[in-house]
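A look at the structure
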Amino acid sequence: MTFKNGLPHFAKGTVVKGFGRGSKELGIPTANFEPHIVKQLPPELETGIYFGWAQIDQGAVHKMVMSVGWNPYYKNMEKSMETHILHKFDEDFYGRQLRVCMAGYLRPEKDFTSLDTLVEAIRDDISQAEKQLEDPNFRNLKSSKFFDHGAQNAEH
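We now turn to the structure provided with this report. Since the structure is predicted, the reported quantities are computational estimates derived from the model, not experimental observations.

So, on to the overall build of the chain. Helix and strand content of the chain: four helices and six strands. Looking at the 156 residues of the chain, the share that counts as buried comes to 46%. Across the chain, every contact between residues at least 6 apart in sequence was considered, and the portion connecting residues at least 24 apart equals 70%. Of the roughly 8600 Å² that the chain leaves accessible, carbon and sulfur atoms contribute 49%.

With that settled, the discussion passes to the environment of Val119. Structurally, Val119 can be placed in helix H3 (residues 115-132). The spacing of Val119 and Ile28 is 91 residues in sequence and 8.4 Å in space, taken between C-alpha atoms.

By the element assignment, Ile28 lies in the loop between helix H1 (22-26) and strand S2 (31-33). Along the primary structure Ile28 and Thr83 are separated by 55 residues, whereas in three dimensions their C-alpha atoms are 9.9 Å apart.

What follows covers the packing of aromatic side chains. The final tally for this structure, using the stated rule, is five aromatic pairs. Ring centres 5.0 Å apart and planes at 70° place the aromatic pair Tyr50 and Tyr105 in the edge-to-face group. A residue pair is termed long-range when its members are at least 10 positions apart, and Tyr50 in strand S3 (residues 48-56) and Tyr105 in strand S6 (residues 97-107) qualify at 55 residues. The exposure classification of Tyr50 matches that of Tyr105, with both residues buried. For the pair Phe89 and Phe93, a centre-to-centre distance of 5.0 Å together with 70° between the ring planes defines the contact as edge-to-face. With relative accessibility at 11%, the residue Phe93 sits in the buried group. Members of the aromatic cluster, each reached through a chain of ring pairs, are Phe10, Phe146 and Phe147.

Across all of its chains, the model carries five salt bridges by this definition. In this structure, Glu134 engages Lys63 in a salt bridge whose closest nitrogen and oxygen atoms are separated by 2.5 Å. Separated by 71 residues along the polypeptide, Glu134 in the loop between H3 and helix H4 (136-139) and Lys63 in strand S4 (residues 61-69) bring together distant segments of the chain. Exposure remark for Glu134: the relative accessible area of 43% places this residue in the partly exposed category. Across the pair Asp125 and Arg107 runs a salt bridge whose closest N-O atoms are separated by 2.8 Å. Highlighted residues: Asp125 in helix H3 and Arg107 in strand S6, separated in sequence by 18 residues. Here Asp125 matches Arg107 in class, with each residue buried. Three or more residues are tied together by salt bridges with common partners; here these are Asp57, Glu91 and Arg96.

Reading the values: the criteria
Residues numbered from 1 in each chain as written. Predicted model: local features only at pLDDT ≥ 70, side-chain atom pairs only at ≥ 80, totals over all residues. Heavy atoms only, no water. Helix = DSSP H or I, 4+ residues; strand = E, 2+ residues; numbered from the N terminus. Buried < 20%, exposed > 50% of the residue type's maximum accessible area, 1.4 Å probe, protein only. Contact = heavy atoms within 4.5 Å. Areas by Shrake-Rupley, 256 points an atom, 1.4 Å probe, with all protein chains shown as cover. Phe/Tyr/Trp six-rings, centres within 6.5 Å; stacked < 30°, edge-to-face > 60°. Salt bridge = Lys/Arg side-chain N within 4 Å of Asp/Glu carboxyl O.

This is the structure:
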């Protein structure tokens, strides 16, 4: 795990339909931000896999992993931010507000030779994220004012 400039980074926006691969192909559902949120990422945030915290609407704050980039395996033409929240939800949340705190960087994005190796890497990313987020420096970000909707001047 290495730190990157620009972290932690906070983002919020509406969940939109992505490519439909997370749940269907990978068994790992993701929440996708609108393209204009992706375009607002600071240039010092490299593409790759990040970990941190996520919240849907005013709900609980959960651990998450996020892929930022073009997903070489799928050869995306548009950069995306795909968030996998480490919590089982009973329904999708298209159109709802997603808030994320990108706390740390796990690895650069890369291509994979098969769907199985991609899924294996994602599962390893999830495991690494769960461990990293137990560190008090990262765990404290879960209580950020950014996730407190009562705070009018929350970070963003």
